[in-house]
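Listed below, chain by chain, are the residues.
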Amino acid sequence: METEFCDLLCIGAGLAGERVAVEAATAGFQAICLSIVPPRRSHSSAAQGGMQASLGSCIMGDGDNTDVHFKDTIKGSDWGCDQEVARIFANTAPKAVREMAFWGIPWNRVVPGNSTYFKGGKKFEKVESSENEGLITARDFGGTAKWRTCYTSDGTGHTLLYTMDNKVVELGVKVHDRMEAISLIHDGETCTGAVVRCLKTGNLKAYLAKATLIATGGYGKIYRESTNAVINDGGGAIIALDTGIVPIGNPEAIQFHPTGIVPTNILVTEGCRGDGGTLLDVDEKRFMHEYEPEKAELASRDVVSRWMTHHIREGHGVKSPYGDHLWLDIRHLGKKHIKTKLREVEEICNNFLGVDPITQLIPVRPAQHYTMAGVRTNKDGAAYGLKGLFAAGEAACWDMHGFNRLGGNSLAETIVAGKVIGEKIVEFLKGYDVAFDTGLVKGAMARDQERINRFVSSKDGHENVYDIRNAMQDELMDRVGIFRNGKDLQKAVDNLQEIYERAQKVGLRSNGVGANPELGLVLKIQGMVRLALCVSYAALQRTESRGCHAREDYEARNDRDWLSRTLATWKEGDTLPTLDYEPVSKVMELPPGSRGYGASKIISQDGEVIGA
Amino acid sequence: MGRRLKFNIFRYNPLDSDSSPHTDTFFLEETDSLTLFIALTQIREGQDPSLQFDFCCRAGICGSCAMVINGRPGLACKTLTKELPMEITLMPLPVFKLIGDLSVDTGTWFRSMNDKVGSWIHTEKGLDPDAREERMDNALAEEIYELERCVECGCCVASCGTANMREDFMGAVALNRIARFMLDPRDERDEREYFQVIGTDEGIFGCMGLLACEDICPKNLPLQDQLGILRRKMGWSAVKHLFRFK
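What you see is a predicted model, and the numbers here were worked out from it, not measured in a lab. (Residues numbered from 1 in each chain as written. Chains lettered and ligands numbered in written order. Predicted model: local features only at pLDDT ≥ 70, side-chain atom pairs only at ≥ 80, totals over all residues. Heavy atoms only, no water.)

Undergrad: Any chance you could explain the interface of chain A and chain B here in plain terms?
TA: Size of an interface: often given as the accessible area lost when the parts come together. Taken together, the contact between chain A and chain B spans 76 residues of the former and 72 residues of the latter. Buried surface at the junction of chain A and chain B, summed over both partners, amounts to about 6000 Å²; 50% is from carbon and sulfur atoms. Per-residue buried area on chain A facing chain B is highest for R41(A), F102(A) and F352(A); these three make up 13% of the total on that side. On inspection of chain A and its partner chain B, the count reaches 12 salt bridges. Salt-bridge contacts for E344(A) lead to K219(B); the nearest nitrogen and oxygen are separated by 3.0 Å. Inspection of the region where chain A meets chain B yields 43 residue pairs in polar contact (both at pLDDT 80 or more). Elements supplying a minimum of two residues to the side of chain A that touches chain B: α3 (83-103), α4 (156-171), β7 (174-177), α9 (335-341), α10 (343-353), α13 (465-479) and α15 (517-541) of chain A. The element contributing the most residues to the side of chain A that touches chain B is α4(A), with eight residues. (Contact = heavy atoms within 4.5 Å. Buried area = accessible area lost by both parts, 1.4 Å probe. Salt bridge = Lys/Arg side-chain N within 4 Å of Asp/Glu carboxyl O. Polar contact = N/O pair within 3.5 Å; in protein donor to acceptor, adjacent residues only side chain to side chain. Helix = DSSP H or I, 4+ residues; strand = E, 2+ residues; numbered from the N terminus.)

Undergrad: Would you mind going over the sheet that holds strand β1 (residues 4-11) of chain B with me for this structure?
TA: Each strand in a sheet pairs with another by means of backbone hydrogen bonds, the pair being arranged parallel or else antiparallel. Residues and elements named next belong to chain B. One open sheet holds the five strands; their spatial order is β2-β1-β5-β3-β4, and the pairing between them is mixed. What marks the edges here is a single partner per strand, and that holds for β2 (22-29) and β4 (72-75). Recorded for the sheet is a direction-independent mean angle of 35 degrees between the axes of neighbouring strands. In the sheet, β1 pairs with β2 via eight bridges, with the strands oriented antiparallel. For R4, the partnering residue across the bridge sits in β2 and is E29. (Pairing = 2+ DSSP bridges. Axes fitted to C-alpha atoms, helices over the stretch in contact; angles between N-to-C directions.)

Undergrad: In this structure, what is going on with unusual backbone geometry? I would like to understand it.
TA: Leaving glycine out, the prevailing phi sign among residues is negative, and the prevailing peptide bond configuration is trans. All names here are of chain A. In this structure, the amide linkage connecting V262 to the following residue, P263, adopts the cis form with an omega of 10 degrees. Its place among the elements puts P263 in the loop between β12 (254-261) and α6 (271-274). Backbone geometry places N250, a non-glycine residue, at a positive phi of 40 degrees. With respect to the secondary-structure elements, N250 resides in the loop between β11 (248-249) and β12. Classification of N250 as buried rests on a relative accessible area of 1%. (Buried < 20%, exposed > 50% of the residue type's maximum accessible area, 1.4 Å probe, protein only.)

Undergrad: I'm lost on the packing of α3(A) against helix α11 (residues 409-430) of chain A in this one. Help?
TA: Two quantities define a packed helix pair, namely the angle between the helix axes and the distance between the axes. Residues and elements named next belong to chain A. At their nearest, the axes of α3 and α11 sit 9 Å apart, and the two run at 90 degrees to each other. Considered as vectors, α3 and α11 are oriented roughly perpendicular to each other. Here I88, F89, T92, A93, A96, E99 and M100 of α3 lie close against α11, whose contacting residues are N409, A412, E413, I415, V416, K419 and V420. A per-class count over the contact of α3 with α11 returns nine nonpolar, two polar and three charged. (Parallel < 35°, antiparallel > 145°, perpendicular 65-115°, else oblique. Nonpolar A, V, L, I, M, F, W, Y, C, P; charged D, E, K, R; others polar.)

So yeah, pure geometry; function would need other evidence.
What follows is the structure in structure tokens.
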């Protein structure tokens, strides 16, 4: 049995995983990062627009501070987040962004003097002070009171990930790439590592660690139309759910981004609208300002995505062979701006659409983008249910996003959570020793090997894994999307339960030898359908509308009955998750109120109905 | 009706004793805006589930999917089939170790490259977590970002004459990385320290000036300029060193 020991095992080497590893390595602990791709290919690299931190150095960010950032984040979450965590986050973000500057990020900087900017298609003037020349500047993003999103052109995730991995190389942290954790090693109380499949050879290996971190990103790929990379299939959430003990927090909290390009669903950044881009309909007319007079195109993502879908349903979409869509217009921002601040957008439009965004409109429509959901942890990043298990980044429900994440708050979360949780893990490791139970490890390895053998020999049946994945993706896309209702959700749950039964009978069509890609998906498919059932069933039970969770049959946000977080666990042998609930936040620094954008019918905590 | 595309794909699974290197042929109906990402995914899911290749972001951002497309290294995800003839031949990138079929091990190569060139800010300074950041001119930040856009896809290495002949050649990617740090005032390495890293035949003096890297780079990095600048700087540094100028 091949075995590796370390103090900290980071499953996932994107920004959150590597930031935690950096913290542990700096404190003298041995950390190993596992990654299913070379670390610099992690999906963090695809985040374009930027990272929120209330530095307040640019003139449009003047007067910004951690309190304003905190409030924007709570409102964005539709009061669904943990306010203690949001407070830690907002307070730490400026330090984290400066630390990244010290490590080498070429942040865009304040240029003094007059310049123009666009808002709602109109041109405005601003004057940057010479006093702040050369400090980190920021751009506008949705749902924020100030310009707060720090950026490097529209490759912010890329520069952050490269700089972080540079730090990892400098510190000599080991990254074992093309290694996929397929189960956690635990005894029901303590987690002591993971069983890992090598994606170069197909061999299994046990990694034993005092602390194990899940930082595997989101699970967008259970949806058919998603901006996510092909690797975002929920591997980390699946192995956590498989324990039967560790819950997924708010599985139903799934974000749709307003501007996926049609037909490939590749993201074009919110920075397009932040920098003054507008959304147009079939008549090439703006419409967002009619629904959202104040914020217009820059309301939060859940709100903009809903109005876009509504506008298309009203018959104002542009017909295409790939279904109706709307337009994103950045032409008026001009060639120079697009070629320096929106370079990746220009490249994506040229390559995948044959569209020149300097002179042409970009076809867009909302696509699945982010899972606020994830492995539920406390404010220290420790997972519920198993000692020694932690989670950070999109994979976690640390819960600063609640039911809607603000643009620019995900990159910020990876860096901030990585730093904060990294420090907490260092504290944990300092006072902690654990006994590795070789029998337990042997059992876990044998169980996974047996699973592989069954699939390879098609012992349980011959179901085609790709057919099952497609059926699951269609179900979520068609019935658990932007607008939801009881009838469709019930149907989704019923159909997914049938799909789950079929998923028990998958068999391999290829021989499964070596780094076989079919086996990779087969090992995950049951877990993916379990996640899909968590999303649908939790959405069915939540009889209110909050943030991204919009119920046509329960239009009000119901603070009387639903100021709570869903906790979904999966007991062995069950065909549905077990749902429990906890209060959204122990501390209510900002009591529930109106977001200031979005349709706002609210049933207050004392049962009063407020708003339209 | 779309074209009927013919794909000739290199096949070999080194871990399967029954496998030997050969080419398999697949046919696919061409659809609107078909990319090699969509085509290869359809072939795997519909025709041969054992087919190995690498995609991740499928948006030209992560650099996973470099392969040799009709004789030319490129990113498969952003290659539209309409830009190719009806017969498409796909081979794995040379220089890198083969994992299987079209999949190669770029991770090990790039980690070692980053290690060799010291791809991080070398500084004696400490960070004061409560202080404001050091200032930087925005134009310089943009200049650094220009070189930082490299996605480590490996196309420049695979297309490089020297790298194909000599395993120890660092390639344009490493030289561009050094150029990036030389621009950055936060990196305190001086010219002699950079010279130590790249002032050899494994580095800048190994470049034969064929410049396929410049033609091939999927991110259109200005590699020709950077190689020229580095060669001049390092050449001058060698001369200074020889005559002990200070």
